[in-house]
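Chain by chain, the residues:
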Amino acid sequence: MRKTELFYKMDKDSIPWKKTDEGYAEFWENEKIKIERGLTIDGYYISGWLYWHINHWNITADIMTDWGEIVPTQMVPSLRDNEIILNEELKIAEKERKGIVIMGLRQFSKTTMESSYAGRSAMLFKGSQNLLMGTAKDDLNNLTSALDYGLLNCTPYFRVPRISRDWSSERVLLGLKNKAGDNKVHSTFVIRNTAGGTKTEKGAGVSNLKSNIWDEIGKDEFLQALIGTKPAMLSEFGWRCIPICVGTGGNVEKSKDAKALFFSPASQTFIEHEQPDGRKTGLFLPGWLRQDCKYKSTLAEYLLDEKLLTEISEDSELWEIEISRSDKNRATSKIHQELEQFKKEGDLVSFNRWKAYYPLEVDDIFLSEAHNNFPIEACKDQKRKLETNKNVLYLDLYRDEANIVTFKYSNNKPINTWNVSAKDLQGFGKTPLSVFELPDPEAPFGTYCIGIDPYNESESSDKINSLGAIHVYKRHYKVGDQYSNCDVATWAGRCKSVGEFHELCRMIMEFYNAIEGVLPENEDKTMIQYILLKKKGHYFAKSLDLSKEINPTTKVNRTIGLAATTVNQKYYMALLVEEAKEEYDTIDEEGNIVEFLGVSRIKDPMVLEEYINYRGKDSSSRGVHDGNYDRIIARGHALTLAKYYDVTRPLESYKPKPKENPNQKKEPVIHSFFGNIKVKPKSPFSQDPKRRRPPGMHFI
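Small disclaimer: the values here were computed from a predicted structure and weren't measured. (Residues numbered from 1 in each chain as written. Predicted model: local features only at pLDDT ≥ 70, side-chain atom pairs only at ≥ 80, totals over all residues. Heavy atoms only, no water.)

K.L.:
So what's going on with the overall build of the protein? Which residues, and what values?
P.N.:
Counting its secondary structure elements, the protein contains 18 helices and 28 strands. For the protein, the proportion of its 700 residues judged to be buried stands at 51%. (Helix = DSSP H or I, 4+ residues; strand = E, 2+ residues; numbered from the N terminus. Buried < 20%, exposed > 50% of the residue type's maximum accessible area, 1.4 Å probe, protein only.)

K.L.:
Please give an account of the sheet that holds strand E5 (residues 100-104) that cites residues and values.
P.N.:
In any sheet, the strands associate via hydrogen bonds between backbone groups, in a parallel or an antiparallel arrangement. Judged by pairing direction, the sheet is mixed, and its seven strands sit side by side in the order E7-E8-E6-E9-E12-E5-E15 without closing on themselves. Strands with a single pairing partner mark the edges of an open sheet, and in this sheet they are strand E7 (171-177) and strand E15 (283-285). Averaged over all neighbouring strand pairs, the angle between strand axes comes to 15°, with direction disregarded. Of the strand pairs in this sheet, strand E9 (residues 209-214) and strand E12 (residues 243-248) are connected by three bridges, and their pairing is parallel. Among the inter-strand pairings, tryptophan 214 is bridged to a residue of E12, identified as cysteine 245. Here helix H4 (residues 110-124) sits on the sheet and contacts E5, strand E6 (129-134), E7, strand E8 (183-193), E9 and E12; the angle it forms with E9, its principal contact strand, is near 165°. (Pairing = 2+ DSSP bridges. Axes fitted to C-alpha atoms, helices over the stretch in contact; angles between N-to-C directions. Contact = heavy atoms within 4.5 Å.)

K.L.:
Which residues make up the side chain of threonine 248, and what are the values?
P.N.:
Structurally, the position occupied by threonine 248 is in strand E12. Given a relative accessible area of 5%, threonine 248 falls into the buried group. Within polar-contact distance, the side chain of threonine 248 engages the side chain of arginine 106 at 3.3 Å. Within the local environment of threonine 248, its side chain forms a polar contact with the side chain of glutamate 216, the two groups lying 3.4 Å apart. (Polar contact = N/O pair within 3.5 Å; in protein donor to acceptor, adjacent residues only side chain to side chain.)

K.L.:
With reference to specific residues and values, describe the sheet that holds strand E20 (residues 433-435).
P.N.:
One open sheet holds the seven strands; their spatial order is E19-E18-E20-E23-E22-E21-E24, and the pairing between them is mixed. Of all strands in the sheet, those with a lone pairing partner are strand E19 (405-409) and strand E24 (518-520), marking the two edges. Geometrically, the sheet is characterised by an average inter-axis angle of 25° between neighbouring strands, direction not taken into account. Bridging between strand E21 (residues 448-453) and strand E22 (residues 468-474) involves six bridges; their strand directions are antiparallel. Considered in E22, the bridge of isoleucine 452 is made with isoleucine 470.

K.L.:
Describe a negative patch on the surface, listing the residues and the values that go with them.
P.N.:
On the surface, a cluster of negative charge is made up of Glu578, Glu582, Glu583, Asp585 and Glu595. Mapped onto the elements, glutamate 583 comes out in strand E25 (residues 583-587). (Patch = residues over 30% accessible without salt bridge, like charges linked within 9 Å, V, L, I, M, F, W, Y side chains within 5 Å. Areas by Shrake-Rupley, 256 points an atom, 1.4 Å probe, with all protein chains shown as cover. Salt bridge = Lys/Arg side-chain N within 4 Å of Asp/Glu carboxyl O. Lys, Arg positive; Asp, Glu negative; His and termini not counted. Charge placed at Lys NZ, Arg CZ, Asp CG, Glu CD.)

K.L.:
Quick rundown of empty space enclosed by the protein? Include the residues and the values.
P.N.:
One simple way to see leftover space: roll a probe sized like a water molecule over the atoms. Per the stated rule, a full pass over the model turns up two cavities of 30 Å³ or more. By volume, the largest cavity is sized at about 60 Å³. Forming the walls of the largest cavity are Trp49, Leu86, Glu89, Leu90, Ile100, Ile102, Met113, Tyr117 and Ile244. Looking at the lining of the largest cavity, the elements with two or more residues in it are helix H3 (81-96), E5 and H4. Sorting elements by how many residues they give to the lining of the largest cavity places H3 first, with three residues. The residue makeup of the lining of the largest cavity, split by class, is eight nonpolar, no polar and one charged. (1 Å grid on protein atoms, 1.4 Å probe; cavity = no way out; pocket = protein on both sides within 12 Å on 5 of 7 lines; lining within 4 Å. Points joined across faces, edges and corners; volume = space filled by probe spheres on them. Nonpolar A, V, L, I, M, F, W, Y, C, P; charged D, E, K, R; others polar.)

K.L.:
Help me get a handle on helix H1 (residues 24-37), residues and values and all.
P.N.:
An ideal rise of 1.5 Å per residue puts 20 Å on 14 residues; H1 measures up with 20 Å between its terminal C-alpha atoms. Considered for burial, the residues of H1 that qualify are Tyr24, Phe27, Trp28, Glu31, Lys34 and Ile35. An end-on view of H1 places all buried positions within 110° of arc, on one side of the element. Facing away from the buried side of H1 by more than 90 degrees, the exposed set consists of Ala25, Glu26 and Arg37. Buried residues along H1 sit in contact with helix H2 (48-55) and H4. Immediately beyond the C-terminal end of H1, within one or two residues, lies glycine 38, with a positive phi of roughly 80°. (Expected span 1.5 Å × (residues − 1). Arc of directions from axis to C-beta.)

K.L.:
How would you summarise the packing of aromatic side chains if you had to cite specific residues and measurements?
P.N.:
Taken as a whole and judged by the stated rule, the model has 31 aromatic pairs. Relative to phenylalanine 366, the ring of phenylalanine 263 lies with its centre 5.7 Å away and its plane at 45°, an arrangement referred to as tilted. Placement of phenylalanine 263 in the loop between helix H7 (256-262) and strand E13 (273-274) and of phenylalanine 366 in the loop between helix H10 (348-357) and helix H11 (376-388) is noted, with a sequence separation of 103 residues between them. Phenylalanine 263 gets classed as partly exposed once you look at its relative accessible area, which sits at 23%. On the basis of relative accessibility, which here comes to 2%, the residue phenylalanine 366 falls in the buried class. Of note, lysine 210 hangs over the ring of phenylalanine 125, and the distance from its end group to the ring centre comes to 4.5 Å. (Phe/Tyr/Trp six-rings, centres within 6.5 Å; stacked < 30°, edge-to-face > 60°. Lys NZ or Arg CZ within 6 Å of the ring centre and 35° of its normal.)

K.L.:
Which residues make up the packing of helix H13 (residues 498-511) against helix H14 (residues 526-533), and what are the values?
P.N.:
H14 packs onto H13 with a crossing angle of 60° between their chain directions and a minimal axis gap of 9 Å. Comparing their axes, H14 and H13 come out oblique. In this structure, H13 meets H14 at a crossing whose hand is right-handed. Where H13 abuts H14, its residues His502, Glu503, Cys505, Arg506 and Met509 lie against Thr526, Met527, Tyr530 and Ile531. Looking at the contact of H13 with H14 residue by residue, the classes come out as five nonpolar, two polar and two charged. (Parallel < 35°, antiparallel > 145°, perpendicular 65-115°, else oblique. Left-handed = near helix turned anticlockwise from the far one by under 90°.)

K.L.:
Quick rundown of unusual backbone geometry? Include the residues and the values.
P.N.:
Of note in the backbone geometry, arginine 97 takes a positive phi value of approximately 55° without being a glycine. With respect to the element layout, arginine 97 can be found in the loop between H3 and E5. Arginine 97 sits in the partly exposed class, given a relative accessible area of 29%. Unlike most non-glycine residues, glutamate 216 shows phi in positive territory, near 50°. Its place among the elements puts glutamate 216 in the loop between E9 and helix H6 (223-233).

K.L.:
Break down the pairing of strand E17 (residues 322-326) for me, with residues and values.
P.N.:
Counting buried positions over the five residues of E17 gives four, a clear majority of the element. In this structure, strand E16 (residues 294-298) lies alongside E17, joined through five bridges in antiparallel fashion. Opposite serine 297, over in E17, you have isoleucine 323 as the bridge partner.

K.L.:
So what's going on with the environment of leucine 544? Which residues, and what values?
P.N.:
Position of leucine 544 relative to the elements: it lies in helix H15 (residues 544-550). Between the alpha carbons of leucine 544 and arginine 558 there is a distance of 6.2 Å; along the sequence they are 14 residues apart.

K.L.:
Quick rundown of helix H16 (residues 566-581)? Include the residues and the values.
P.N.:
Taking 1.5 Å of rise per residue, the 16 residues of H16 would be expected to cover 22 Å, and the 22 Å separating its terminal C-alpha atoms lies within 8% of that figure. Within the sequence span of H16, burial applies to Asn568, Gln569, Tyr572, Met573, Leu575, Leu576, Val577, Glu579 and Ala580.

K.L.:
Give me the confidence of the model for the protein: which residues, what numbers.
P.N.:
Of the residues in the protein, 86% reach a pLDDT of 70 or more, and the chain-wide mean stands at 86. Under a pLDDT of 50 for its full length, residues 671-675 has, in the predicted model, 11 contacts with residues more than four places off or in other chains. In this model residues 677-700 is a low-confidence stretch, pLDDT under 50, and it forms 30 contacts with partners more than four residues away in sequence or in other chains. (pLDDT = per-residue confidence, 0-100.)

Okay, structure coming up:
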């Protein structure tokens, strides 16, 4: 039998288990070196963690009995392509001294990996502290249970006794008590719960970190706590440990921090990977890595197929190492079939949840499973198009010396973070108006409809993260207008003072000449009062009839704006979803019919971001929005008014002004006290007017 470097493949009868066995110290010291430094087999480097994981760590896993029953048993983890992917990531992290952020499918064995990694560190490095962070108690319990099991059942030579055993406390000590009862601490586990992101300093105060594990990062805020651990990782040689942040899809309603880190890993010195669309993200583990779609192969074959090695000799041990690898086509097909079944059943909640559980694209991870009827895939496609083909002006509005609203081009950019917190707002400058089309000078009265979601707090606090939002919607009035039935301008942010926001609303109304075209949410009356005091109330739509059109039994008698009632919210949400799903077709340059959805008319990527992340409440709740969706509210009001005016004030009778022929001779015009008089040919007025003045005619 060929001599192997892998412990799990060795003849167990030949291993020196007892101290009295020949070669005991040499053998186990060699195993410890492999766990510490890793080893290279015929050109392929297996990291210290991976060697430990598949040779000396123990887990509970399912096996199939001879009589066909699935039962749990204790075993060393088998090698899969999942572990090789993580091994490659660790190699980069250790070389570049960078962190790792992983997001992807359910059941890729993240808990097994996390516990194994932390267990190795605590066993190997005497005097080390090993941090386990989470945002929820249940997730930490799962992690510490797996860790406890692995520590008790790993290869006996590497077991370290526990001084303390209470994993519900914030510290568990490995080591021994001496005869005097004093603790001889080998290493320490520090277990911290950020309590849903509220305890941002939970990571501070630790020192000499050798492992730094963050579990289920998609479930709540954690970034500030992560930053708090950075001083404990720093040494004169750089980071002394690799922070590993892991999350899965399907429960990401509070995933703002996870998205920020995953889609901008370099900002926190984490490894980044380029996606097919050019975006830089953390490590994405797609749904086709799922457990039930793997087949047996050899490590050599896998490494060659994945181009991790270019050649392997025929007598290499790599050909004898078994690996379970993913059947990508089979798994992808199975995922599509499962999703199609949910779609046929009309179960959108399960459809989105399953898509997040087994994501095929990075954006699938962050799908919300609850009450989102927008066409999410189409929204994501349109958002990607807008991000690569930007056609927008950023403007700052101001009043000139004649008190006319005009603009200058702005160097600032709009807020590009959804569900922004009050702290995040401090990082943005003055928010410009995003303009997709400047005011149309030919537009007839009633073309522009403006929806406003106002706010009335001048100062933000940790609990206030709502934005003011303004959307200018252009109704259809002429054929061939690419901005018909589109937002032509959007704004979302928080001004330095609420008064500044109110004045911005007024300037946008005047800039687009939206007389009787403004429909705000009227729960906040301060903006409405401001506009009325400025004698600009004629810009507000008379909304009492509209409110009764939406809800004939309403008791609301407000003449300006829409109340934030459940009925009104459901009404404009239905309009937004209907518009997004509406089917259109057009003729391309080659004469082919091209079909598209209404969502392609949306020009603001952050509106699409809110569509993608939208989460509604169940039908028994008051209100329909389970979160802050300021842009959706503003756009919903604009669309509500536009659709109402399409019925009550149609623009179909509009006739464009005839274009002047530059070669056509213009008839002379006399400017008189009675008005402008066109002079016909051969008319006495065509002569010198000073010589042929009619009685009583005074020239200006």
